[in-house]
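Summary of the model geometry
One-letter residues, chain by chain:
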Amino acid sequence: MKKSVLTRYRVLAYVTGVLLVLLTFSMIAKYVLDISGAADFTRVVSIAHGWLYIVYLVFAFDLGAKAKWPVRKQLWVLLAGTVPTAAFFVERKVSRELAAQLAEQAPVAAKA
């Protein structure tokens, strides 16, 4: 597994996480606080989150396949983009785990 696969997953995890938190706040602003303009903002953020979540799913699935995760763990990571702030915690856990695996796989430089 290459580090670039992990990097692109991490970027999309943060982006979808931030958009989901923004979407949550915008929904509160729209439906609870009845703030004018919140409907337009909610529409834009929801569309952006929806499309980028699909890209997140592809990257997370690719990462899980290359890391040879069991189905249960794969589903846990895929669903992290649907719960506000969960993507941040799951990304951190996955990144630490896979960074350790990548360090083990890295070739050791020959000593002269």
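Predicted model only: the values in this text are computed from it and were never measured.

1. Things to note about the nonpolar core
Counting 19 residues, the largest nonpolar core has Tyr-9, Tyr-56, Leu-63, Trp-69, Val-77, Val-94 and Leu-98 as the members making the most contacts within it. Going through the elements one at a time, helix 1 (3-32), helix 2 (38-67), helix 3 (71-79) and helix 4 (86-105) are the ones with two or more residues in this core. With six residues, the single largest contributor to this core is helix 2.

2. Structural notes on the environment of Val-5
Mapped onto the elements, Val-5 comes out in helix 1. For the pair Val-5 and Val-32, spaced 27 residues apart in sequence, the C-alpha to C-alpha distance is 40 Å. Beyond its immediate sequence surroundings of up to four residues, Val-5 is in contact with Asp-62, Leu-63 and Lys-66.

3. Describing the packing of helix 1 against helix 2
Between helix 1 and helix 2, the least distance of the axes is 8 Å, while the angle of their chain directions is 155 degrees. Considered as vectors, helix 1 and helix 2 are oriented roughly antiparallel to each other. Once helix 1 is placed against helix 2, the crossing between them reads as left-handed. For the contact of helix 1 with helix 2, the per-class residue count stands at 24 nonpolar, five polar and four charged.

4. Observations regarding the packing of helix 2 against helix 3
Contact pair helix 2 / helix 3: the axes reach a minimum separation of 9 Å and the direction vectors enclose 155 degrees. Comparing their axes, helix 3 and helix 2 come out roughly antiparallel. In the crossing of helix 2 with helix 3, the sense of the turn from one axis to the other is right-handed. In this structure, helix 2 uses Tyr-53, Tyr-56, Leu-57, Ala-60, Phe-61, Gly-64 and Ala-65 to contact helix 3, whose residues at the interface are Gln-74, Val-77, Leu-78 and Leu-79. Broken down by class, the residue content of the contact of helix 2 with helix 3 amounts to nine nonpolar, two polar and no charged.

5. Some thoughts on the pattern of salt bridges
Under the criterion given, the structure shown has five salt bridges. With a shortest N-O distance of 3.3 Å, Lys-66 and Asp-62 are connected by a salt bridge. Taken together, the residues Lys-66 and Asp-62, both in helix 2 and four residues apart, mark about one turn of the helix. Residue Lys-66 is classed as partly exposed on the basis of its relative accessible area of 42%. For Asp-62, a relative accessible area of 18% corresponds to the buried category. Through salt bridges that share partners, Arg-8, Asp-62 and Lys-66 make up one connected network.

About the thresholds
Residues numbered from 1 in each chain as written. Predicted model: local features only at pLDDT ≥ 70, side-chain atom pairs only at ≥ 80, totals over all residues. Heavy atoms only, no water. Core = buried A, V, L, I, M, F, W, Y, C linked by side-chain atoms within 4.5 Å. Buried < 20%, exposed > 50% of the residue type's maximum accessible area, 1.4 Å probe, protein only. Helix = DSSP H or I, 4+ residues; strand = E, 2+ residues; numbered from the N terminus. Contact = heavy atoms within 4.5 Å. Axes fitted to C-alpha atoms, helices over the stretch in contact; angles between N-to-C directions. Parallel < 35°, antiparallel > 145°, perpendicular 65-115°, else oblique. Left-handed = near helix turned anticlockwise from the far one by under 90°. Nonpolar A, V, L, I, M, F, W, Y, C, P; charged D, E, K, R; others polar. Salt bridge = Lys/Arg side-chain N within 4 Å of Asp/Glu carboxyl O.

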